Structure formats: structure tokens, C-alpha cells
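# Working through the structure, step by step
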Amino acid sequence: MVLKSFCYVITIVGIHILVINTGIFDNVHTELGYEMYAERIESIPGIPIAMPLNALVNFGYLAIGIFWLRVFNQRKDTYGESFSWYSMIYCFIQLTRIVTQSQRSAVLDQWITTTIFSHVLIWISSYHSTGTIANLLHSIGNRTIVFLSLLSYSSSLLSPLGFDVSLVIHIIGAVVSAIEIQSVKGNSDTRNSFIKAIICCLGFIVLKLADLPLKEMWTPNCISGHFLSKICDIGQIHYTAQFSYFLNYASQGKKSS
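Residues numbered from 1 in each chain as written. Predicted model: local features only at pLDDT ≥ 70, side-chain atom pairs only at ≥ 80, totals over all residues. Heavy atoms only, no water.

Bringing the overall build of the chain into the picture now. Secondary structure assignment for the chain yields eleven helices and zero strands. Shown N-terminal to C-terminal, the secondary structure of the chain runs as helices and strands in the order α-α-α-α-α-α-α-α-α-α-α. Here the chain has a C-alpha radius of gyration of 19 Å; the compact-globule value for 257 residues is 18 Å, and the two agree. Taking the principal axes of its C-alpha atoms as reference, the chain extends roughly 55 × 40 × 30 Å. The buried share of the chain, reckoned over its 257 residues, is 50%. Restricting the contact set of the chain to residue pairs at least 6 apart, pairs at least 24 apart contribute 74%. For the chain, the exposed surface amounts to about 12,700 Å²; the carbon and sulfur share of it is 68%. (Helix = DSSP H or I, 4+ residues; strand = E, 2+ residues; numbered from the N terminus. Rg over C-alpha atoms; globule rule 2.2 N^0.38 Å. Buried < 20%, exposed > 50% of the residue type's maximum accessible area, 1.4 Å probe, protein only. Contact = heavy atoms within 4.5 Å. Areas by Shrake-Rupley, 256 points an atom, 1.4 Å probe, with all protein chains shown as cover.)

A separate point is the nonpolar core. Of all hydrophobic cores here, the largest spans 54 residues; its most connected members are F25, F83, Y86, I124 and Y153. Per element, the largest residue contribution to this core is eleven residues, and it comes from helix α5 (residues 103–125). Excluding its chain neighbours within four sequence positions, the residues that come into contact with F25 are V19, I20, Q103, V107, W111, Y153, S154, S156 and L157. Within the second largest apolar cluster, five residues are counted, among which are Y37, M51, L95 and I98. (Core = buried A, V, L, I, M, F, W, Y, C linked by side-chain atoms within 4.5 Å.)

Quick look at the packing of α5 against helix α6 (residues 132–140) now. Across the interface, α5 lies against α6 with an axial gap of 8 Å and an inter-helix angle of 105 degrees. With respect to α6, the axis of α5 lies roughly perpendicular. Residue-level contacts link L121, I124 and S125 of α5 to A134, L137 and H138 of α6. Residue composition of the contact of α5 with α6, by class: four nonpolar, two polar and no charged. (Axes fitted to C-alpha atoms, helices over the stretch in contact; angles between N-to-C directions. Parallel < 35°, antiparallel > 145°, perpendicular 65-115°, else oblique. Nonpolar A, V, L, I, M, F, W, Y, C, P; charged D, E, K, R; others polar.)

Tracing the chain through its elements places E180 in helix α8 (residues 162–185). An unpaired buried charge is present at E180: no salt bridge exists, and K185, the closest side chain of opposite charge, is 12 Å distant. Looking at E180, its side chain comes within polar contact range of the main-chain nitrogen of A134, at 3.4 Å. Those residues within four positions of E180 in sequence are excluded, and the remaining contacts are G131, T132, I133 and A134. (Lys, Arg positive; Asp, Glu negative; His and termini not counted. Salt bridge = Lys/Arg side-chain N within 4 Å of Asp/Glu carboxyl O. Polar contact = N/O pair within 3.5 Å; in protein donor to acceptor, adjacent residues only side chain to side chain.)

Another aspect to go through is the packing of aromatic side chains. By the definition in use, this model includes 14 aromatic pairs. Ring centres 5.4 Å apart and planes at 20 degrees place the aromatic pair W111 and Y153 in the stacked group. Placement of W111 in helix α5 and of Y153 in the loop between α7 (142–152) and α8 is noted, with a sequence separation of 42 residues between them. For the residue pair W111 and Y153, the accessibility class agrees, reading buried in each case. Put simply, the rings of F67, W68, F72, F83, W123, Y245 and F246 touch in pairs and so form one group of aromatic residues. (Phe/Tyr/Trp six-rings, centres within 6.5 Å; stacked < 30°, edge-to-face > 60°.)

The final tally for this structure, using the stated rule, is two salt bridges. The salt bridge partner of D26 is R104, with a shortest N-O separation of 2.9 Å. Here R104 lies in helix α5 and D26 lies in the loop between α1 (2–20) and α2 (52–56), a separation of 78 residues in the sequence. Judged by its relative accessible area of 31%, D26 is partly exposed. What makes R104 partly exposed here is its relative accessible area of 34%.

Attention now moves to the confidence of the model for the chain. Scored by pLDDT, the chain has a mean of 91; 94% of the residues are at 70 or more. Across the chain, the element-wise mean pLDDT spans from 81 in helix α10 (residues 211–215) up to 97 in helix α3 (residues 59–74). Taken as a whole, residues 253–257 scores under 50 in pLDDT and shows one contact with residues more than four places along the chain or in a different chain. (pLDDT = per-residue confidence, 0-100.)

Attention shifts here to the environment of K76. Within the fold, K76 resides in the loop between α3 and α4 (78–100). The class of K76 is exposed, set by a relative accessible area of 62%.

This part takes up α4. Under the 1.5 Å per step criterion, the end-to-end length of α4 is 33 Å for 23 residues, consistent within 8% with the ideal 33 Å. The buried fraction of α4 amounts to 17 of the 23 residues, a majority that puts the element mostly inside the structure. Between the side-chain oxygen of the N-cap and the backbone nitrogen of Y79 there are 3.1 Å, and the N-cap of α4 in question is D77. Of the residues trailing α4, Q101 is marked for its positive phi of about 50 degrees. (Expected span 1.5 Å × (residues − 1).)

Next comes the structure, spelled out in C-alpha cells:
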């Protein structure tokens, strides 16, 4: 199952890369240049990487992905495995963007974010007997969800805010779907994981937006709002995976009791 989930994720990522390399998104709005970040280029002497903390923190995605891949593989959860692969691959996507500051790496970083949120919707659709939204997602079908999510990034061609609007819609969809699943199938463990995931999501958004403003009142030159937002994002991935794990564990525990 690990190979199957890897092939699925790498195919989706490959589609992103192929489309991006046509140049269709070369003029969409992205934030490029080290001046867009609060961390100084050489914030830690002796480390030959620009913005070392913002770069190295991305290995947290790799670590948390490896952890959950092992867990979901043991439980034969293909959706969980795919989510874990997305996390691991995102490590290198985000690292490439930080190091190269290129337009196409920035586009891939943006686009894959909405795809990961759409995978959460697909994950929730697997619980199609537990709620109205899950049933609706199941009736739409996984391929259609992926296609619509991929297509949504084209909104970035229409407006500088196109990606932001698309991302907000993806986030709202994932949150609302998770709330319904929690109300129908959840327990105290899933509730705690869900709350922590929401807190991490909000922390990611606030800290990323406050990166440059915080620079004016933040003493360390290396610990920036963007760096802390990445820690929140990694936490968001962890607690989202934990939420699904507890959902499955609770349902299987009820069946066996």
C-alpha cells in the first residue's frame, strides 16, 4: 500500500510540475525575494544556507510525514499514507522555494497547498455513511474533487488574490467537513486533535502575515514569524493526521467491543 499511495501522490505532484513548466503561471502573483522575509539571509553564521531556520524547519514536514506513514501503513490506511507522502514531499517543495526564490517553485508551493487540503476532503469522503457533507463528497467522487481543486488555482490568473480566495475555500471546506464528522463520529480524543489542528492553522496564518511587522519588535534575527508559522503548519499536519487516526481507532474499537 505504501508504493500505491506514493505513486498516487507523485503522479498528482507530477501533474502540477508539468503544467507549471508550460509557463502558464509565470506571471501570477507570488512573494519572491529575501526582502519578503523577516529572517536575515545570514542569520546564523557558519550555515551556508540563506535564511537557515526558514530553510531547515521544513525538514519537520519530512519527519512528521515519516512518523505518520509508519502509523497509517500498519493500519492499512491508504488515505493516511497519501497524506503522509504529501507532507514529506512538501518538505522539499518549500525548501526549494526558500533556497531558489524562483517563480515556478513559489507557484508549486502555493498550488500544492490547496491540493493537500483537497486530500483532506477526499479523506473525509471515505466516511460517506456518517454525514451529509461526507455523503456529498463521496457522490462527487475523488477524481472530480482533485480535478476541481487543481482547476481552482487558475483563479490566480484572474486576480492577485485568486490563490488566497481558492485557499480560503479549501480551508473552510475541510474545517466544515471535519466538524460534521466530529459531531457524528467523534469522541474526546478526536475533539482535542481537531481543536489543536484549528489552533495551529490560525497560528500559521497569523504568524505568516505578521512576519515583517514582528521584525520591528522581535529581538532575534533568526527566529521570525515565518519560521514560527512553519512550526504551526507542521503541527497542523500532525493533528489532522491524529484526528483521522482517532476517528478510525474509535470506530474500530466500538465494533470490537
